Amino acid sequence: MNHALTRAAIAAALTFAASGAQAADKIKVGFMLPYSGTFAALGTAIENGFKLYVAEQGGKLGGREIEYFKVDDESNPAKAAENANRLIKRDQVDVLIGTVHSGVAMALAKAAKDSDTTLIVTNAGANAITGPLCGPGIFRTSFTNWQPAYAMGPVAFNKGHKTAVTITWKYAAGDEAIGGFKEGFEKAGGKVVKELSLPFPNVEFQSLLTEIAATKPDMVFTFFAGGGAVKFVQDYHAAGLDKTIPLYGSGFLTDGTLQAQGASAQGLLTTLHYADGLNTPRDNAFRADYAKNYNMPPDVYAVQGYDAAQLMQSGLTAVKGDFSKKADFRTAMRGATVDSPRGPFTLSPAGNPVQDIYLRRVDGLENKVVDVAVKKLADPARGCKL
Ligand code: PHB
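Rules behind the numbers
Residues numbered from 1 in each chain as written. Predicted model: local features only at pLDDT ≥ 70, side-chain atom pairs only at ≥ 80, totals over all residues. Heavy atoms only, no water. Near = heavy atom within 4 Å. Polar contact = N/O pair within 3.5 Å; in protein donor to acceptor, adjacent residues only side chain to side chain. Areas by Shrake-Rupley, 256 points an atom, 1.4 Å probe, with all protein chains shown as cover. Nonpolar A, V, L, I, M, F, W, Y, C, P; charged D, E, K, R; others polar. Helix = DSSP H or I, 4+ residues; strand = E, 2+ residues; numbered from the N terminus. Buried < 20%, exposed > 50% of the residue type's maximum accessible area, 1.4 Å probe, protein only. Pairing = 2+ DSSP bridges. Salt bridge = Lys/Arg side-chain N within 4 Å of Asp/Glu carboxyl O. Core = buried A, V, L, I, M, F, W, Y, C linked by side-chain atoms within 4.5 Å. Domains from an automatic or database assignment. Contact = heavy atoms within 4.5 Å. Axes fitted to C-alpha atoms, helices over the stretch in contact; angles between N-to-C directions. Parallel < 35°, antiparallel > 145°, perpendicular 65-115°, else oblique. Left-handed = near helix turned anticlockwise from the far one by under 90°. Buried area = accessible area lost by both parts, 1.4 Å probe.

(A) Region of interest: the site of the ligand. Neighbouring the ligand are 16 residues; S102, G125, Y171, A225 and Y301 lie closest to it. One of the side-chain nitrogen or oxygen atoms of S102 is found 2.6 Å away from an oxygen atom of the ligand. Relative to its free-state accessible area of 280 Å², the ligand is covered by the protein chains to the extent of 100%. Across the shell around the ligand, the residue classes tally to 11 nonpolar, 5 polar and no charged.

What follows is the structure, given as structure tokens:
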């Protein structure tokens, strides 16, 4: 027997088997999302949206099957680094998808950068993620906290409001949303006269509502989301404040929450990068498929998850499913135009959507689109050096 030939044949067979195995390997996607606490419904909507797009593609992205891993991050920043490393080191995921809470997301982005793992942020608006923490592997399909809140500034001023009190949770998302609103409102000519806050995720609003009533501003601007937003809108209404001091917010205040808020939310005006009643063929098809699969209408969180899968699809298609071409995968994602249900968007150099911000009014169980508050709004990406 010719040993050299045999060895060569075995080597060839092994190489063939290895490449076959690689092609058959699934792409590992790690969801780091809140599945408990005040943001639990938001995490589920993001996962639902992501999986819906993958299902629409026959269960594959770029021709590769997807394997899912998940961690409940509980919206707890203290556990964020450890939770991120479960997905990165233990599960060795290829792409991280998450999360909702800005404080958790900043730790997640640091862990992603340290391990050079690609991250698509599907909600958390922390300005730093596409600011000082930006990087070639960091992407976002949602927004910065600055974006929707800034857009409300001129809208509110143009309704005749000259003074505002703000109220929010004291953490990155609240602080930055208030900062965005204040910038837009004061640039237009208004004045924020008082900034109120309480720790995340507390919902004891009574003493703060009393302070608002005593201050008598022309309006109130707020950032709350999820379970906390439900309670805030109910309490504001129950205190009768909505009769004298109109309430405005970034649209998280009323997204995915209207069933629970009921009458207390009717007529509220908010600004966000998604709305009900857009009535485009793209959005209508998405909404029909989402409702069919999950028995409820989609919200902004579902859209952000869906678009993360679309963004991954752009990257994987460009490299023909070969995930070892990481740099090309990322370049293709950065240059993609995402055919989102919200309307098509591109990414800024820092990796954040450049997108229209809608003005919406609560009508029944919908955040009906009223207008485009700002077209193609790009976050200033302060501090991002690429
Ligand atoms: C955030 O922490 O960045 C955050 C959380 C919930 C939202 C929006 C932003 O709905």
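Okay, back to it.
(B) Summary view of unusual backbone geometry. With an omega dihedral of -10°, the bond running from G98 to T99 counts as a cis peptide bond. The topology assignment puts T99 in the loop between β4 (95-98) and α4 (102-115). For S75, which is not glycine, the phi torsion reads 55° and is therefore positive. Tracing the chain through its elements places S75 in the loop between β3 (64-72) and α3 (80-90). A residue is classified by how much of its surface remains accessible, and S75, at 7% relative accessible area, is buried.

(C) Structural view of the sheet that holds strand β5 (residues 118-121). Overall, mixed pairing links the 6 strands, which are arranged β2-β3-β1-β4-β5-β6 in an open sheet. In the strand order of this sheet, the two ends are held by β2 (60-61) and β6 (138-140), each with one partner.

(D) View of the pattern of salt bridges. Scanning the entire structure with this criterion turns up 24 salt bridges. In this structure, E82 engages R86 in a salt bridge whose closest nitrogen and oxygen atoms are separated by 3.1 Å. Placement of the pair is E82 and R86 together in helix α3, with a separation of 4 residues, close to one helical turn. Across the pair R360 and D255 runs a salt bridge, and its minimum N-O distance is 2.9 Å. On the criterion of sequence distance, the pair formed by R360 in strand β14 (residues 353-363) and D255 in the loop between β10 (247-250) and α9 (258-261) is long-range, its members being 105 residues apart. Just as R360 is buried, D255 falls in that class too.

(E) Representation of the nonpolar core within the structure. F50, I120, F181, I212, F224, F232 and M312 are the most contacted members of the largest nonpolar core, which totals 90 residues. The dominant element in this core, judged by the number of residues it contributes, is helix α11 (residues 300-318), at 10 residues. Two domains share this core, each providing at least three of its residues, namely domain 1 (22-143 + 279-354) and domain 2 (146-272). Once residues lying within four places of it in the same chain are set aside, the contact partners of I120 are V95, L96, I97, G98, F139, T141, A308, L311, M312 and M333. Core analysis: the second largest hydrophobic core is formed by 26 residues, L87, V93, A107 and V121 among them.

(F) Representation of the packing of α11 against helix α12 (residues 326-334) within the structure. Where α11 contacts α12, the axes come no closer than 8 Å and their chain directions differ by 130°. The angle between α11 and α12 falls in the class oblique. As for how α11 packs across α12, the hand of that crossing is right-handed. Residues L311, M312, S314, G315, L316 and A318 of α11 form the contact with α12, whose own contacting residues are F329, A332 and M333.

(G) Representation of the domain arrangement of the protein in the model. Examined at the domain level, the protein breaks down into domain 1 (22-143 + 279-354) and domain 2 (146-272). Contact residues are listed per partner, giving 18 residues for domain 1 and 18 residues for domain 2. Buried area between domain 1 and domain 2, both sides added, is near 1300 Å², and the carbon and sulfur share of it is 60%. It is T38, N127 and F143 that lose the most area in domain 1 upon contact with domain 2, and together they represent 36% of the buried surface on that side. Taken together, domain 1 and domain 2 are joined by 0 salt bridges. On the surface where domain 1 and domain 2 come into contact, there are 7 residue pairs in polar contact (both at pLDDT 80 or more). Residue assignment for the side of domain 1 that touches domain 2 shows that the elements contributing at least two residues are α4 and α11. In terms of residues, the side of domain 1 that touches domain 2 owes the most to one element, α4, which gives 3 residues. The residue inventory of the side of domain 1 that touches domain 2, partitioned by class, reads 8 nonpolar, 9 polar and 1 charged.

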